[in-house]
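# Structure at a glance
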Amino acid sequence: MRTISEIENEIIDDFALFDTWEEKYQYIIEIGQKLKPLAVEFKIDENKIKGCQSSVWLTANENNGIIEFFADSDSVFVKGEIALLMEVLSNQSPEAIVNTELGFIDQIGLRSHMAQTRANGLAAMIKQMKLYAVGFQHKNV
Amino acid sequence: MEQPLVKNAFDVLEVRKDFPILSELPYGKPLVYFDNAATSQKPQVVIDALVNYYTHYNANVHRGVHFLSQKASDAFDGVREKVRGFINAASEREIIFVRGTTEGVNLVAATYGRKNIRQGDTILVSAMEHHANIVPWQLLCEEKGARLNVIPMNDQGELVLDTLDKLLNDNCKFVAVSHTANSLGTINPIKEIIAKSHSKNIPVLVDGAQAVAHDEVDVQDLDCDFFVFSAHKMLGPTGIGAVYGKLHLLEEMPPYHGGGEMIKSVSFKGTTWNDVPYKFEAGTPNIADVIAMGAAIDYWNTIDRSGAHEQEAELLNYCTTLLADIPSVRIIGTAKNKASVISFIVDKVNAMDVGMFLDTKGIAVRTGQHCAEPVMDWFGIPGTIRASFMFYNTKEEIDFFIEQLKKAIQLLAV
Ligand SMILES: Cc1ncc(COP(=O)(O)O)c(C=O)c1O
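Overview of the structure. (Residues numbered from 1 in each chain as written. Chains lettered and ligands numbered in written order. Predicted model: local features only at pLDDT ≥ 70, side-chain atom pairs only at ≥ 80, totals over all residues. Heavy atoms only, no water.)

## Some remarks on the packing of aromatic side chains
Residue and element names in this part refer to chain B. The test is simple: Under the pairing criterion, centres of Phe, Tyr and Trp rings, with the six-membered ring standing for Trp, must be within 6.5 Å; the plane angle then separates stacked pairs below 30 degrees from edge-to-face pairs above 60, leaving the rest tilted. Helix and strand assignments follow DSSP, with helices taken as H or I runs no shorter than four residues and strands as E runs no shorter than two, numbered in order from the N terminus. Accessible area is worked out with a 1.4 Å probe on protein chains only. A residue is then buried under 20% of its type maximum, exposed over 50%, and partly exposed in between.
Tallying each qualifying case throughout the model produces 28 aromatic pairs over all chains. Look at Phe 10 and Phe 391: their rings are 6.0 Å apart centre to centre, the planes differ by 85°, and that puts the pair in the edge-to-face class. Placement of the pair is Phe 10 in the segment before α1 (12–16) and Phe 391 in the loop between β15 (384–388) and α15 (395–412), with a sequence separation of 381 residues. In terms of burial, Phe 10 and Phe 391 fall into one category: buried. Taking the centre distance of 4.6 Å and the plane angle of 50° together, the rings of Phe 19 and Tyr 392 count as tilted.

See below:
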């Protein structure tokens, strides 16, 4: 199993191929469009993280100490962002998720393109993913 | 030969040279600035006014016997007359400097409102107000046990005045309505609203934040009791704006903030207030921005206003026609009388995704609720994409915008 920081480094390497914001945008849209849509039964208010300009639905499963996330959004760009987060945080242990700092967002030069509200949305997504991890951690002890 | 003060024909390419920012290259691409309803760009003369003040005569006003203070005071004081002229108030004493529209509405709510609104009263706003013209009244209502009422609008985003007579009932003690709506572009029939309100002796505040950037305003002709606006939407700097109030109303109103400048004499037994308008301007004012707001007004007086107006009308028309040709686009706000603001949504496409796509091409638009959540709720939409034009925008920019919008839709539509 790859560690969180190994995956982060791979993403940073991927993004190093792009010089411009335009290319990065296109790439995130591409990733977002590939994200499997969340089944309707999960698109409920309980799973909703309401941002200012888009909504995100996020849910998680735990199997043998490994967490898997599922998510969707009405914004393709946000779907791309969350797909990146899921690539990093899915299939990890609750402990690894709780303890990670996630430095890659700054390093791929995305933060500067996130207006405050959107950055808040991203922070809210990360927080929610960590909350799931904390929940599963307690379930296991 | 006599030099005309006003440039003869409106020449957009000439005018653009006055705005240095229009030659910026975001991401190396020519800037297309279509977010003018959020804030306008500034002509060089406004920027120079700021720099000159800080470089050559920065000093506090009305407090020094020295050269710099007198020069700063003269420049500062002169702007009150310029603002008076800009909106044709009867007297410069009717002009209060504030941070902007938001502070202006809050000032009137906290002074006139606190003094005059009582339990059981209603305050009437419209369905298309900016939050700045809703929340201060809600705070006042909460404090006083008063209630907010709303003039409704129709599917085109026009106010429906059928019920106005009923809404202007005995309980109604104040009306606060926007001249031009920032989210929809609708220009409201405020003269009619003011006349009807006055027939019941109800005073009216006009939110002029958008109007001052597009139309010549005459507060005496409107006969409004209060008019508030921000300099930054009309080519001036941020952090400054004005409240116009009829003199007899201002004289009866209690002060707003306490501090220096707003008093005549202070003792621990009691304090007497300064005259209007100083009574409402506590503390060191925003000297630099007041002076630069004056420079913005001077600039307006040099441009051909009717030519500028025609240019904006043409841009609005042109863009509306091109947008209407895109099947998945729905324009939100199709009033007959509109300023150069177009809000729209794209079927099955998130507004922010489009805004970000356009941003990658150097095009600046705004997406979201535009501080007018009730408007979005009324239309049942989460938000819009808004392109808002100023006279310095061009049809070529609109062509590029439409071309890129079509690309965005192609990429993002699922
Ligand atoms: C109609 C309207 N009212 C009020 C405001 C608030 O203006 P400001 O933020 O300059 O105080 C705005 C600006 O966004 C506006 O468009």
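## Some thoughts on the site of the ligand
Residues and elements named next belong to chain B. Our working definition: To be near a molecule or strand, a residue needs just one of its heavy atoms within 4 Å of it. For this analysis, a polar contact is any N or O atom pair within 3.5 Å, provided that within protein one partner can donate a hydrogen and the other can accept it, and provided that sequence-adjacent residues contribute only side-chain to side-chain pairs. Basically, the charged four are Asp, Glu, Lys and Arg, the nonpolar ten are Ala, Val, Leu, Ile, Met, Phe, Trp, Tyr, Cys and Pro, and anything else, Gly included, counts as polar.
The local shell around the ligand consists of Thr 101, Thr 102, His 130, Ala 132, Thr 180, Asn 182, Asp 207, Ala 209, Gln 210, Ser 230, His 232 and Lys 233. For the ligand, an oxygen atom lies 3.1 Å from a polar atom in the side chain of His 130. Between an oxygen atom of the ligand and a side-chain N or O atom of His 232, the distance comes to 2.7 Å. For the shell around the ligand, the class distribution of residues is 2 nonpolar, 8 polar and 2 charged.

## Focus: the interface of chain A and chain B
Just so we agree on the cut-off: Residues are treated as being in contact if the distance between any of their heavy atoms lies within 4.5 Å. Salt bridge, as used here, is a side-chain nitrogen of Lys or Arg placed within 4 Å of a carboxyl oxygen of Asp or Glu.
Taken together, the contact pairs 15 residues of chain A with 14 residues of chain B. At the boundary of chain A with chain B, the tally comes to 2 salt bridges. Sorting the residues of the side of chain A that touches chain B by element identifies α2 (21–34) and α3 (76–89) of chain A as the ones contributing at least two each. With 6 residues, the top contributor of residues to the side of chain A that touches chain B is α2(A). Across the side of chain A that touches chain B, the residue classes break down as 6 nonpolar, 6 polar and 3 charged.

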